[in-house]
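These are the residues of each chain, in order.
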Amino acid sequence: TKLGCGEGGCGACTVMISKYDPFRKKILHHTANACLFPICALHHVAVTTVEGIGNTKSRLHPAQERIAKSHGSQCGFCTPGIVMSMYTLLRNNPEPHMEDIEDAFQGNIHSPAGVQPGRTVFCKSCNVLMLFRMAEVCLFPLQNGGCCGGKTMTSSSLFNSSEFQPLDPTQEPIFPPELMTQSNKQQKQMCFKGERVMWIQPTTLSELVALKSQYPNAKLVVGNTEVGKRKMIIAPAWIPEMNAVQHTETGVTIGAACTLKSVEEVMRKAVSDLPPYKTEIFQAVLEQLRWFAGPQIRNVAAIGGNIMTASPISDLNPVLMASGSKLTLVSKEGRRTVTMDEKFFTGYRKTIVKPEEILLSVEIPYSKKGEYFSAFKQASRREDDIAIVTCGMRVLFKDGTSQVEEIKLSYGGMAPTTILALKTCKELTGRGWNDKLLQDACRLLSGEMDLSPSAPGGMVDFRRTLTLSFFFKFYLTVLQKLSKSGTASQLGIYLLSYLSVSNPFSSASRVDQPCVLLQEVPKGQAVEDMVGRPLVHVSASKQASGEAVYCDDIPHYENELYLTLVTSTKAHAKILSVDTSEAQSVPGFVCFVSAKDVPGSNVTGIANDETVFAKDVVTCVGHIIGAVLADTQEHSRRAAKAVKIKYEELKPIVTIQEAIEKQSFFKDIKRINKGDVKKGFEESDHILEGEMYLGGQEHFYLETHCTLAVPKGEDGEMELFVSTQNPMKTQEFAANALGVPSNRVVVRVKRMGGGFGGKETRSTILTSVVAVAAFKTGRAVRCMLDRDEDMLISGGRHPFLGRYKVGFMKNGRVKSLEVSYYSNGGNSVDLSHGVTLLHLDNSYNIPNVSSVGIVCKTNLPSNTAFRGFGGPQGMMIAECWMSDLARKCGLPPEEVRKLNLYHEGDTTHFNQKLEGFTLRRCWDECLSSSSYHARKKLIEEFNKQNRWKKRGMSIIPTKFGISFTVPFLNQAGALVHVYTDGSVLLTHGGTEMGQGLHTKMIQVASRALGVPTSKIYISETSTNTVPNTSPTAASVSADINGMAVYNACQTILKRLEPIKQSNPKGSWEDWIKTAYESCVSLSATGIPDVGYNFEKNEGKPFSYFSYGVACSEVEIDCLTGDHKNIRTDIVMDVGTSLNPAIDIGQIEGAFVQGIGLFTMEELRYSPEGNLYTRGPGMYKIPAFGDIPTEFYVSLLRDCPNSKAVYSSKAVGEPPLFLSASVFYAIKDAIYSARKDSGLTEAFRLDSPATPERIRNACVDIFTKMCPSAEPGTFKPWCVRV
Ligand SMILES: Cc1cc2nc3c(=O)[nH]c(=O)nc-3n(C[C@H](O)[C@H](O)[C@H](O)COP(=O)(O)OP(=O)(O)OC[C@H]3O[C@@H](n4cnc5c(N)ncnc54)[C@H](O)[C@@H]3O)c2cc1C
Ligand code: FES
């Protein structure tokens, strides 16, 4: 079981909870997040973790086997959680439908290392459970009997499902019988007493009432999904009355401790049993529950908890309030019933319920004839996300008329509490349900649902507009129902195109259909030669069974200490004092470590502009000032919180805009100029100027930064177990801080649960601190950052501002480009200068270029490498002006793009000649495989027929340069040991972070040595086996380490040659045995040929380029800004793939990570530089439902690459940018929406295209009723950094 967030937001910790229900006489299984589950609530309960269902030593469970063998696990940190969601589903339902599977995965987010969970779904087929990729056959139009004219064989299969063991439900572990016996017995009140918390579990209502009267401040905990500080907990889960469900004359009464899952079951049954007019409210509850958290939360969270938490963005409270649901409260004084109305919530998270009172039950009423009810919610992500605005809306008409008798509109997200739009409702009462009412309602609501422009949560215009959009949806929904019932004849005046307003997105659900296409290995390739074959990731089975060891899984050392960081709460300030006196009194406290404890140099960082510990000044929130060491994690956390720091605040620079105003830039401004820009503009027919902003991105590797430092006790030796992509810099920086030579420090990396560039340099900031602490205490020290700390301190992808001026001809041909790129580097240089101008052309030939790349120095945590390394930002801005100039020319964007694409032999703006330019092939194949032109017509038709839902499509190319642009980094090392039994221990300079590097290296060594892959093993990456390794980054690791492995193997083979010749019929083992006397133990390096000079614009920054094209289609909801990714087709050139399964996984993973970057993930900072988004609760990465419903990936055939090992190409980063096709498809759809509002000009859309940006761009009557406040007249809650 893994810990990914600790707040119920990622599902990595999913376990199965089983309990016996004595009332239903049934064993119930459900998933839960272990990170939130109170240990005391496990009494009488069985817990099954991923380790409990199977393992590689005996037998994997079919669920584990399938996810491993079908390439569903790459970094593997999320895999145990996904396995447990699947396992639990199968325990309850061995024959699930696709919808059941999709629902089961709602609460599991996956690390986009290339993980393909969306593709690896389970289905029931012919009595065996099998896992299938949703596409297994060739998509391409078959010409001459083959996809490529029969020249090469293609395959669509990445695994052999006949190998899978069938699921046998009778073989599952049994529920412990003693728990059943105990559950059947009369329960007794339980009390658990901990160091600081007391937990009492009463069994009767009277016990509960007595306890609450005795301890009025005690918290009642059921699901514990609203974690908070609690000293005294009363758990009512065993009390029958609080779990009871009763149908009364007026509605359904549900016990307050009933879980949301059980509420859902009750509502579903009622909806199927009762006449529809009675269940309008129940259907609204179901609609809200559908998008309420994930199953792990719904399985444990109670309806009473949702009400009593009194969250202003609760999903159920607006429904309960608009429906006038009744709450029964009980205390020693007796019972009382209150209605959920405007008086119930008295303030932020406050209600009229008295401290000694308990919410016993809630009665949700039946609806009446002539009564209609709807609920709506808009969140940043459709699945498993809290609402931005949510609402419940009810109207009751006078008998047989369309005259409003009663109306209630309740909103969440518009005030510190759930509120009723009382004034609006009053005005609408008695009115006819017609257009005039709609207009008046919107006018009234826009006044009543007002928000201060500084309101917490931000998105003020969007939230205001949503209140009107929701009402409009409600209005039309009711109108349709009235019309159906014959009460209103009004519908006629509404165009049919309006009626899809309340429909869900009209896309099909995932179906069993083709999705991958790859080239098979040539005929005659030896069976044991695995190069080019879809070899399963070598750790996949261990990852699926939970056996794979990550840094924090290393067993504890004796006397080990835990470290918690103490970081700055100010973005820019002088440190006046640090007071640790209170921390020292926390039990288990050992010491505080700070700058004065650094035995070597406190100066660190790639550009020597950082400190191990801040000394006098802090330059960002999250700046490390010190660290607390204690005997346990819990104690060190508590002690760290007790450290008091006094600051004198200095003015921070937070945004790019502020940095430009103050000219706060890092030195070394990069420029690339080509041709004559001035002349180019003079010759152009049109000139376009504009600006685009791209937000940053959090790496969100599922495994956070982690280090375990073990001092060896002699001569300053230290062993560091680290989750890092960069063993060399980790070693160098730690040695520097310790004041010892590098030869005393060994860094060891087994595997990482994702990296994405975030562990290329930023891991060193933690490791150096942990090393200093271990040095000071002489004891092993461990620290794994909590998710919030990790997000706060470790930086991410650089936010970018691009300013451009582009000159072009009437036919769309680009003549001249002037661009300035500003990136927000944060408080240190780190790798920011590498994030520059080399990808500003994307794939287009621009004859005249003048460009400048400036890194802004701000008071944010240092931004750093991130998959694509500035390439996606640079290319995105190119696509921005490209799509705008196509509009300006009135030409289809795909034509203008194709016109400007490079040709073979062209030179780029950095004067590198393009050789082996396969992009045009990718383009044509993608255009044809996606049926682009035919679908475009269908989209036009759809858009004509739908006013409030629009579809859009775009096709986007990418050209991605492969190499470190710092030439000497393009080196690697490998060490091959062959043992006397013939087994091979392989070590190389690259680290495994899920991308399958070790698997590919084993394939390379296997072919080079001519031995089966099963004989080769990689244990870890370590600085004492392969020294001076380049970071595993820039997509080149398979290239450079592959060459090193190849060279090392060749050296061994050369030495074996005479032995082989003298015994040609001998086996590998025979030769090795004979060679033993020769002592074979070798290492070798491979260095490709690159090097570029910015000043002279000369040389070759890249060894070669990877190419790809994607076509995406989306549908947007113009009223809410929501969107659905309908279909994506990708054609990618990965050379001759070393391992198509891993490469396709990388393409899919990079694409989905790009979807996050360009449409979803938004880091939000206060104007003072304080990061709000510190966990999955507020920061949303793509979930399973965001993967395009149809997702087709094909690898370009017949494109060997002479520049890398076995003709392969790099794949980690290049496909990420292809997700820009989703962004521009969204923009295309918005164009269509704006056209309906009479707007045809180009418009600005910054990235990410969140629901807020989409909605605000779909200008219409509703947005116009919610105008923005004048900038500068207020202080916003958050700023664009
Ligand atoms: C990852 C995640 C996602 C979430 N997503 C959503 C979402 O989409 N929509 C949404 O609305 N909420 C969401 N929530 C919030 C939360 O899940 C709900 O509010 C949930 O219903 C709370 O129930 P619980 O049983 O866990 O409450 P607990 O945490 O057990 O208790 C919450 C509070 O209610 C009080 N309380 C509980 N029962 C009673 C009672 N009978 N009488 C008096 N006081 C009582 C407790 O004292 C405590 O203060 C999410 C939470 C998490 C962690
Ligand atoms: S660690 Fe429990 S949900 Fe993320």
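Keep in mind the model is a prediction, meaning the values are calculated, not measured.

Cut-offs and rules
- Residues numbered from 1 in each chain as written.
- Chains lettered and ligands numbered in written order.
- Predicted model: local features only at pLDDT ≥ 70, side-chain atom pairs only at ≥ 80, totals over all residues.
- Heavy atoms only, no water.
- Core = buried A, V, L, I, M, F, W, Y, C linked by side-chain atoms within 4.5 Å.
- Buried < 20%, exposed > 50% of the residue type's maximum accessible area, 1.4 Å probe, protein only.
- Contact = heavy atoms within 4.5 Å.
- Pairing = 2+ DSSP bridges.
- Helix = DSSP H or I, 4+ residues; strand = E, 2+ residues; numbered from the N terminus.
- UniProt positions renumbered as here; feature names shortened; annotations may be inferred.
- Axes fitted to C-alpha atoms, helices over the stretch in contact; angles between N-to-C directions.
- Parallel < 35°, antiparallel > 145°, perpendicular 65-115°, else oblique.
- Left-handed = near helix turned anticlockwise from the far one by under 90°.
- Disulfide = S-S within 2.5 Å.
- Near = heavy atom within 4 Å.
- Polar contact = N/O pair within 3.5 Å; in protein donor to acceptor, adjacent residues only side chain to side chain.
- Areas by Shrake-Rupley, 256 points an atom, 1.4 Å probe, with all protein chains shown as cover.
- Nonpolar A, V, L, I, M, F, W, Y, C, P; charged D, E, K, R; others polar.
- Expected span 1.5 Å × (residues − 1).
- Phe/Tyr/Trp six-rings, centres within 6.5 Å; stacked < 30°, edge-to-face > 60°.
- pLDDT = per-residue confidence, 0-100.
- Salt bridge = Lys/Arg side-chain N within 4 Å of Asp/Glu carboxyl O.

Student: Help me get a handle on the nonpolar core, residues and values and all.
Tutor: With 187 residues, the main nonpolar core has Leu409, Tyr411, Trp433, Phe471, Trp881 and Leu885 as its most contacted residues. Not counting chain neighbours up to four residues away, the residues in contact with Leu885 comprise Leu688, Val806, Phe808, Gly812, Val814 and Val896. Of all hydrophobic cores here, the second largest spans 101 residues; its members include Leu167, Ala548, Leu708 and Val740.

Student: Could you give me a rundown of the sheet that holds strand β10 (residues 232–234), with the residues and numbers involved?
Tutor: Strand pairing in a sheet is mediated by backbone hydrogen bonds. Such pairs are either parallel or antiparallel. One open sheet accounts for four strands, arranged β7-β8-β10-β9; its pairing is mixed. The sheet terminates laterally at β7 (190–193) and β9 (219–220), the two strands that pair on one side only.

Student: Give me the UniProt feature "binding site: [2Fe-2S] cluster 1" (unreviewed entry) in the protein: which residues, what numbers.
Tutor: UniProt feature "binding site: [2Fe-2S] cluster 1" (unreviewed entry): in the numbering of this structure it lies at Cys5, Cys10, Cys13 and Cys35. In three dimensions, the annotated residues from a span of 31 residues occupy one location, with a maximal C-alpha spread of 10.1 Å. With a relative accessible area of 11%, Cys5 lands in the buried category. In this structure, Cys5 is in contact with Cys10, Arg787 and Pro1176, ignoring residues within four places of it in sequence. Assignment of secondary structure puts Cys35 in the loop between β2 (26–33) and β3 (46–48).

Student: Would you mind going over the packing of helix α23 (residues 871–889) against helix α24 (residues 893–900) in detail, with residue names and values included?
Tutor: Angle between the axes and distance between the axes are the two parameters that describe a pair of packed helices. Closest axis-to-axis distance for the α23/α24 pair is 8 Å, and the angle between their directions is 120 degrees. When the axis of α23 is compared with that of α24, the two are oblique. Handedness of the crossing formed by α23 with α24: right-handed. Contacts between α23 and α24 pair Glu879, Met882, Ser883, Leu885 and Ala886 from the former with Pro893, Val896, Arg897 and Asn900 from the latter.

Student: Could you give me a rundown of the state of the cysteines, with the residues and numbers involved?
Tutor: Tallied over the entire structure, the rule returns zero disulfides. Unpaired in terms of disulfides, Cys706 finds its nearest cysteine sulfur in Cys551, a separation of 3.6 Å. Looking at the unpaired Cys1199, the closest cysteine sulfur is the one in Cys922, lying at 7.2 Å. The exposure class assigned to Cys1199 is buried, which follows from its relative accessible area of 7%.

Student: Before we move on, can you summarise the site of ligand 1 with the specific residues and values?
Tutor: Inspection of the region around ligand 1 gives 31 residues, with Leu220, Val222, Thr225, Ala302 and Asp315 positioned closest. One nitrogen or oxygen atom from the main chain of Asn224 is found 3.0 Å from an oxygen atom belonging to ligand 1. Measuring from an oxygen atom of ligand 1, one finds a backbone N or O atom of Ala302 at 2.8 Å. Calculation on ligand 1 without its partners gives an accessible area of 990 Å², and the protein chains cover 91% of this total. Of all elements in the fold, only β9, α10 (303–309) and β17 (358–365) reach the threshold of two or more residues within the shell around ligand 1. With five residues, α10 is the largest single contributor of residues to the shell around ligand 1. Looking at the shell around ligand 1, its residues break down into 15 nonpolar, nine polar and seven charged.

Student: Before we move on, could you go through helix α27 (residues 997–1009) and cite the residues and values that matter?
Tutor: Under the 1.5 Å per step criterion, the end-to-end length of α27 is 18 Å for 13 residues, consistent within 8% with the ideal 18 Å. Burial of α27 is extensive: 12 of the 13 residues sit out of reach of the surface. Of all the positions in α27, only Leu997, His998, Thr999, Lys1000, Met1001, Ile1002, Gln1003, Val1004, Ala1005, Ser1006, Ala1008 and Leu1009 are classed as buried. Next to the buried residues of α27 lie β42 (984–988), β43 (1016–1017), β44 (1021–1022), α28 (1037–1062), α29 (1068–1075) and α30 (1140–1159). A positive backbone phi angle near 75 degrees is found at Gly1010, which sits one or two residues after α27.

Student: Explain the packing of aromatic side chains residue by residue, including any values.
Tutor: Under the defined criterion, the tally for this structure stands at 30 aromatic pairs. Ring centres 5.1 Å apart and planes at 25 degrees place the aromatic pair Phe105 and Phe1184 in the stacked group. Here Phe1184 lies in the loop between α30 and β50 (1190–1195) and Phe105 lies in the loop between α3 (98–104) and β4 (121–125), a separation of 1079 residues in the sequence. Grouping residues by exposure puts Phe105 and Phe1184 together as buried. On the numbers, 5.0 Å between centres and 45 degrees between planes, the contact of Phe472 with Phe1262 is tilted.

Student: Now, about the sheet that holds strand β35 (residues 745–749): what can you tell me, with residues and values included?
Tutor: Here we have eight strands laid out as an open sheet, ordered β25-β29-β23-β36-β33-β34-β35-β44, and mixed in their pairing. Whereas interior strands pair on both sides, the edge strands pair on one side only; in this sheet they are β25 (589–593) and β44. Bridging between β35 and β44 involves two bridges; their strand directions are antiparallel. The residue bridging Val749 from the neighbouring strand is Thr1021, located in β44. Where helix α17 (residues 633–641) meets the sheet, its contacts fall on β23 (561–567), β25 and β29 (624–630), and the angle it forms with β23 comes to roughly 25 degrees. Against the sheet, helix α20 (residues 727–738) engages β34 (718–722), β35 and β44, with an angle of about 145 degrees to β35.

Student: Explain the pairing of strand β14 (residues 334–339) to me, using residue names and the numbers behind them.
Tutor: Consecutive side chains along a regular strand alternate between the two faces of the sheet. As paired strands, strand β13 (residues 326–331) and β14 are joined by six bridges and run antiparallel to one another. In the sheet register, Thr328 faces β14, and the bridge partner there is Thr337. Where β13 folds back onto β14 in an antiparallel hairpin, the turn is made up of two residues.

Student: I'd like a rundown of unusual backbone geometry, residues and numbers included.
Tutor: Between Ser1247 and Pro1248 the backbone carries a cis peptide bond, its omega angle lying at 5 degrees. For Pro1248, the position within the fold is in the loop between α31 (1220–1236) and α32 (1251–1257). You will see that His44, though not glycine, has its phi angle at about 70 degrees, which is positive. With respect to the helices and strands, the residue His44 is situated in the loop between β2 and β3. Phi is positive for His71, close to 65 degrees, though the residue is something other than glycine. Looking at where His71 falls in the secondary structure, it is placed in the loop between α1 (62–69) and α2 (79–92). Residue His71 is classed as buried on the basis of its relative accessible area, which comes to 4%.

Student: An account of the UniProt feature "binding site: substrate" (unreviewed entry) in the protein is needed here, citing residue identities and associated values.
Tutor: The UniProt entry lists Glu760, Phe869 and Thr965 under the feature "binding site: substrate" (unreviewed entry), expressed in the numbering used here. Turning to its location among the elements, Glu760 is positioned in the loop between β35 and α21 (763–777). When neighbours within four sequence positions are excluded, Glu760 is seen to be in contact with Gln725, Asn726, Leu831, Ala865, Phe964, Pro1031 and Ala1033. Owing to a relative accessible area of 33%, Thr965 belongs among the partly exposed residues under this scheme.

Student: Account for the confidence of the model for the protein, naming residues and giving values.
Tutor: Close inspection of predicted coordinates is inappropriate for parts of the model with low pLDDT. A residue-level look at the protein finds 93% of positions with pLDDT of 70 or above and a mean pLDDT of 90. Scored below 50 in pLDDT, residues 114–152 shows 130 contacts in the model against residues more than four places distant or in partner chains.

Student: Just give me the short version of the pattern of salt bridges, but keep the residues and values in it.
Tutor: Overall, the coordinates contain 68 salt bridges when judged by the stated rule. Of the charged contacts in the structure, one is a salt bridge between Lys377 and Asp315, with a shortest N-O distance of 2.7 Å. Separated by 62 residues along the polypeptide, Lys377 in strand β18 (residues 371–379) and Asp315 in the loop between α10 and α11 (316–322) bring together distant segments of the chain. For the residue pair Lys377 and Asp315, the accessibility class agrees, reading buried in each case. One salt-bridge network, held together by shared partners, links Arg935, Arg951, Glu1113, Glu1115, Arg1127 and Asp1129.

Student: Summarise the pairing of β17; cite the residues concerned and give the values.
Tutor: Counting buried positions along β17 yields eight of eight residues, so the element is predominantly enclosed. Inspection of the sheet shows strand β12 (residues 251–255) paired to β17 by five bridges, in the antiparallel sense. Within β17, the residue paired with Ile254 across the bridge is Val362. When β13 meets β17, the two strands line up antiparallel, connected through five bridges. Each bridged residue has a counterpart across the sheet, and for Thr328 the counterpart in β17 is Ser361.

Student: Go over the environment of Asp1228 with me, naming the residues and quoting the values.
Tutor: Tracing the backbone shows Asp1228 in helix α31. For Asp1228, the residues in contact, after removing those within four places along its chain, are Arg887, Gly952 and Met953.

Student: Talk me through α23; I want residue IDs and the actual numbers.
Tutor: Across its 19 residues, α23 extends 27 Å between first and last C-alpha, which sits within 8% of the 27 Å expected from 1.5 Å per residue. α23 sits mainly inside the fold: 17 of its 19 residues count as buried. Looking one or two residues past α23, Gly890 carries a phi angle of roughly 70 degrees, positive in sign.

Student: Go over the side chain of Thr477 with me, naming the residues and quoting the values.
Tutor: Along the chain, Thr477 falls in helix α14 (residues 460–484). Classification of Thr477 as buried rests on a relative accessible area of 13%. Among the polar contacts made by the side chain of Thr477, one reaches the main-chain carbonyl oxygen of Lys473 at a distance of 2.5 Å. If near-sequence neighbours (up to four positions away) are discounted, Thr477 is found in contact with Ser374 and Ser502.

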